[in-house]
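What the coordinates show
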Amino acid sequence: MASNRLEDLNDMLFNQLVRLDKDDISDDELKKEVDRSKAMNSVAHTIVDNARVVLDAAKFMDNRIDLRSNLPHMIGVEAPHDKSNK
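Keep in mind it's a predicted model, so treat the numbers as computed, not measured. (Residues numbered from 1 in each chain as written. Predicted model: local features only at pLDDT ≥ 70, side-chain atom pairs only at ≥ 80, totals over all residues. Heavy atoms only, no water.)

Bringing the side chain of Gln16 into the picture now. With respect to the secondary-structure elements, Gln16 resides in helix α1 (residues 6–20). Engagement of the side chain of Gln16 in a polar contact is seen with the side chain of Ser37, the distance being 2.9 Å. Contacts of Gln16, omitting those with residues within four sequence positions, involve Glu33, Arg36, Ser37 and Met40. (Helix = DSSP H or I, 4+ residues; strand = E, 2+ residues; numbered from the N terminus. Polar contact = N/O pair within 3.5 Å; in protein donor to acceptor, adjacent residues only side chain to side chain. Contact = heavy atoms within 4.5 Å.)

Across the interface, α1 lies against helix α2 (residues 27–63) with an axial gap of 10 Å and an inter-helix angle of 160°. With respect to α2, the element α1 is oriented roughly antiparallel. For the element pair α1 and α2, the recorded crossing hand is left-handed. Counted together, Leu6, Leu9, Met12, Leu13, Gln16, Arg19 and Leu20 of α1 and Leu30, Glu33, Val34, Arg36, Ser37, Met40, Ala44, Ile47, Val48 and Ala51 of α2 form the full contact between these two elements. The residue inventory of the contact of α1 with α2, partitioned by class, reads 12 nonpolar, 2 polar and 3 charged. (Axes fitted to C-alpha atoms, helices over the stretch in contact; angles between N-to-C directions. Parallel < 35°, antiparallel > 145°, perpendicular 65-115°, else oblique. Left-handed = near helix turned anticlockwise from the far one by under 90°. Nonpolar A, V, L, I, M, F, W, Y, C, P; charged D, E, K, R; others polar.)

In a regular helix each residue adds 1.5 Å, so 37 residues correspond to 54 Å; α2 covers 53 Å between its end C-alpha atoms and thus fits that length. Within α2, the full set of buried residues consists of Glu33, Ser37, Met40, Ala44, Ala57 and Met61. (Expected span 1.5 Å × (residues − 1). Buried < 20%, exposed > 50% of the residue type's maximum accessible area, 1.4 Å probe, protein only.)

Once that is clear, we can look at the confidence of the model for the protein chain. Confidence in the prediction of the protein chain, expressed as mean pLDDT, is 84, and 81% of residues score 70 or more. When pLDDT is averaged over each element of the protein chain, α1 comes out on top at 94 and helix α3 (residues 80–84) at the bottom at 58. (pLDDT = per-residue confidence, 0-100.)

Here the largest pocket is characterised by a volume of approximately 250 Å³. If you trace the largest pocket, you find 12 residues lining it, with Ser3, Leu9, Met12, Val43 and Ile47 closest to the centre. Secondary-structure elements contributing two or more residues to the lining of the largest pocket are α1 and α2. For the lining of the largest pocket, the residue count by class is 9 nonpolar, 2 polar and 1 charged. (1 Å grid on protein atoms, 1.4 Å probe; cavity = no way out; pocket = protein on both sides within 12 Å on 5 of 7 lines; lining within 4 Å. Points joined across faces, edges and corners; volume = space filled by probe spheres on them.)

This part is about the pattern of salt bridges. This structure, assessed with the given rule, holds 6 salt bridges. A salt bridge links Lys31 to Asp35, with the shortest nitrogen-to-oxygen separation between them at 3.0 Å. Taken together, the positions of Lys31 and Asp35, both in helix α2 and 4 residues apart, correspond to about one turn of that helix. In this structure Asp35 comes out as partly exposed when scored by relative accessible area, which is 37%. For Arg36, the salt bridge is made with Glu33, and the minimal N-O distance between the two is 3.3 Å. Here Glu33 and Arg36 lie together in helix α2, a separation of 3 residues that amounts to about one turn. Given the relative accessible area of 42%, Arg36 is considered partly exposed. For Glu33, a relative accessible area of 11% translates into the label buried. If you follow the salt bridges from partner to partner, you end up with Arg5, Glu7 and Asp8 in one network. (Salt bridge = Lys/Arg side-chain N within 4 Å of Asp/Glu carboxyl O.)

This is the structure:
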């Protein structure tokens, strides 16, 4: 089952390394694992890039000078004191 935490993503990637490191793997199995690794790598990069955007948005909200400034709703980040003003 997939998870939404970067810690779980990290675990999944290391587990994939373990599968790639097996000595007793056939050439066909190795090819499948390499293909799986490439797909996982691509998705992992997208997840990490998305997390970076959310983190940057949170930093913006923490450092804003004008407390009335907001991010677009699609970012989904609010400063803690913004929630209490609603």
